[in-house]
Amino acid sequence: MEPLIIHREDHPISRKDIDPDTVRVLYKLKDAGFEAYLVGGAVRDLLLGRRPKDFDLATSARPNDLRRLFRNSRIVGRRFRIVHVFFGSKNVEVATLRSMVEPSGSSDLYIDDDNQWGDLESDSFRRDFTVNALYYDIRDFAVIDYTGGVKDLHDHLIRCIGDPRVRLQEDPVRMLRAVKFAARFGYTIEPETDAAMRALPAEILKASRFRVTEEVFRILLQPNRDVGLRLLNEYGLLRQIYPEWLDAIGEDGFAQVLDFFAAAERAAADDRYYPIEVLATGLFIPLLDSVDLEVDHFHRVAARVTSEIASLSRAMDLPRRLTAAAVDMLRGQLYMLFFHHRPKRVKRYVSYPGFDLVWRVHELAFGHLEELRDIQEIWLEAREQLRRPIGGVVDAPDKRDIFSFRGKTGGGRHSGQGGRGRPHERGDDKDGEEEWIPFVDEDEAGA
Ligand code: ATP
Ligand code: MG
């Protein structure tokens, strides 16, 4: 079949916009006589005038050719072999063009071996969405489109390549990816893809928990996170993956969580971003609803909330580090509510290093509540005495790799292998993140 070819003069992508090491790899492949393309999200983002997160390459060179061509490279992945070419601490991912694999077993569409080499056309059709199957050819700088991605980009549509029912069953994580892209760009999920998603939410349970968590958190960390969360719910995906959580928070609680993420979204519009620990805590805010300040005791409520979070987050398979942060920050909310009239405690607590994030959670969850104005004043005034501005917001999105928050690795058939073939390294946290330091109040028990 003939692809749509958009020549250099008819699209905005310039080599200047591409990471220089990536350009170097492209040229080296071309000079060695191989086809070489920039592909996937990078081409999509550049066409939209956005800065790509990463630059993926596709080539006719086989992994062994690549190893020979780039001394600083390594083959990674088994189910889906790709080559990392290293430049210092950074690497460029290069994948050999592939073709679609016929599903192995009987009625089961699930694919677990993905190393059948192919050409550009076949490589296009094995990708997930049309807007993700565009190629930038280093030979003539043209964009090549076999699947209608350019038109869908123009029409703001997320459309499965091929039969959505088949493609979503092959890899159910694609449903989460559809939501991710639709939310991020404010696009519509094309009707046939939409219908298949509405019919197949339970398929998501066949995916690895680990990939699921990754995509859910990508959605919560990206622009339009509130829209993303709402779409996940509308498609019945949350009901499948987090049933215990939905039951525990109820419909009102879900609305509260949406408000929390909408507040984070408004802050992002002002270039104020929260760390992932703060955003994850947003999922548990409704657990505070049942607290009655008149009759409850701090330590009793705190113990209850802690155990509720622990059991929910175990069921949700959240990374332990996020669980610990959520526990500490919800206890912090309780502390602020219970002890605002205890000046010594107030004074001590505002100087505790974890206070900043506790305050940020408070701001997102309860900042709008008139009835808490007086309490908020007390804490803010005490903090102002310290003459140390409250931290916990940054001016760029939290880019830490969420894998490093992983407490345990997911099970499921896909475990250890992403659909795009990126092998998930299973080492321990590798980025030397600080451990979460819980606040311990010696007087707590006596409260
Ligand atoms: P992002 O901007 O979030 O990185 P992306 O489109 O680059 O978006 P990646 O997860 O980096 O997404 O994957 C790179 C490319 O690999 C995609 O654009 C798509 O062509 C292909 N791909 C990724 N995951 C899948 C999948 N599950 N099924 C089919 N193709 C996929
Ligand atoms: Mg990408």
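Residues numbered from 1 in each chain as written. Chains lettered and ligands numbered in written order. Predicted model: local features only at pLDDT ≥ 70, side-chain atom pairs only at ≥ 80, totals over all residues. Heavy atoms only, no water.

1. Focus on the site of ligand 1
Then, in step 1: What surrounds ligand 1 is a group of 18 residues, the closest being Arg-44, Lys-53, Asp-171, Arg-174 and Arg-184.
Then, in step 2: Asp-128 is positioned such that a nitrogen or oxygen atom in its backbone is 3.2 Å from a nitrogen atom of ligand 1.
Then, in step 3: At 2.8 Å, a side-chain N or O of Arg-184 approaches an oxygen atom of ligand 1.
Then, in step 4: Protein chains shield 96% of the accessible area of ligand 1, which is 590 Å² for the free molecule. (Near = heavy atom within 4 Å. Polar contact = N/O pair within 3.5 Å; in protein donor to acceptor, adjacent residues only side chain to side chain. Areas by Shrake-Rupley, 256 points an atom, 1.4 Å probe, with all protein chains shown as cover.)

2. So, the pairing of strand E4 (residues 73-76)
Then, in step 1: Of the pairings in the sheet, the one linking E4 to strand E5 (residues 82-87) comprises 4 bridges and is antiparallel in character. The partner of Arg-74 across the bridge, within E5, is His-84.
Then, in step 2: As consecutive antiparallel partners, E4 and E5 are separated by 5 residues, and within that stretch Gly-77 has a phi angle of approximately 85 degrees, a positive value. (Pairing = 2+ DSSP bridges. Helix = DSSP H or I, 4+ residues; strand = E, 2+ residues; numbered from the N terminus.)

3. Observations concerning the environment of Ile-204
Then, in step 1: Of note, Ile-204 is situated in the loop between helix H8 (191-199) and helix H9 (209-221).
Then, in step 2: In the structure, Ile-204 is positioned 36 residues away from Leu-168 in sequence and 9.1 Å away in space, judged by C-alpha atoms.
Then, in step 3: When residues no more than four places from it in sequence are discounted, the contact partners of Ile-204 are Pro-172, Val-173, Met-175, Leu-176, Val-212, Leu-237, Gln-240 and Ile-241. (Contact = heavy atoms within 4.5 Å.)

4. Some details on the packing of helix H16 (residues 343-351) against helix H18 (residues 373-385)
Then, in step 1: One way to put it is that H16 packs onto H18 with a least axis distance of 9 Å and a crossing angle of 65 degrees. When the axes of H16 and H18 are compared, the crossing they make is right-handed. Facing Val-346, Tyr-349 and Val-350 of H16, the residues of H18 in contact are Ile-378, Trp-379, Ala-382 and Arg-383. (Axes fitted to C-alpha atoms, helices over the stretch in contact; angles between N-to-C directions. Left-handed = near helix turned anticlockwise from the far one by under 90°.)

5. Some words on helix H15 (residues 320-338)
In an α-helix, one turn spans 3.6 residues; hence positions three or four apart end up facing the same way.
Then, in step 1: Between its first and last C-alpha atoms H15 spans 27 Å; for 19 residues at 1.5 Å apiece the expected length is 27 Å, and the two agree.
Then, in step 2: Counting buried positions along H15 yields 16 of 19 residues, so the element is predominantly enclosed. (Expected span 1.5 Å × (residues − 1). Buried < 20%, exposed > 50% of the residue type's maximum accessible area, 1.4 Å probe, protein only.)

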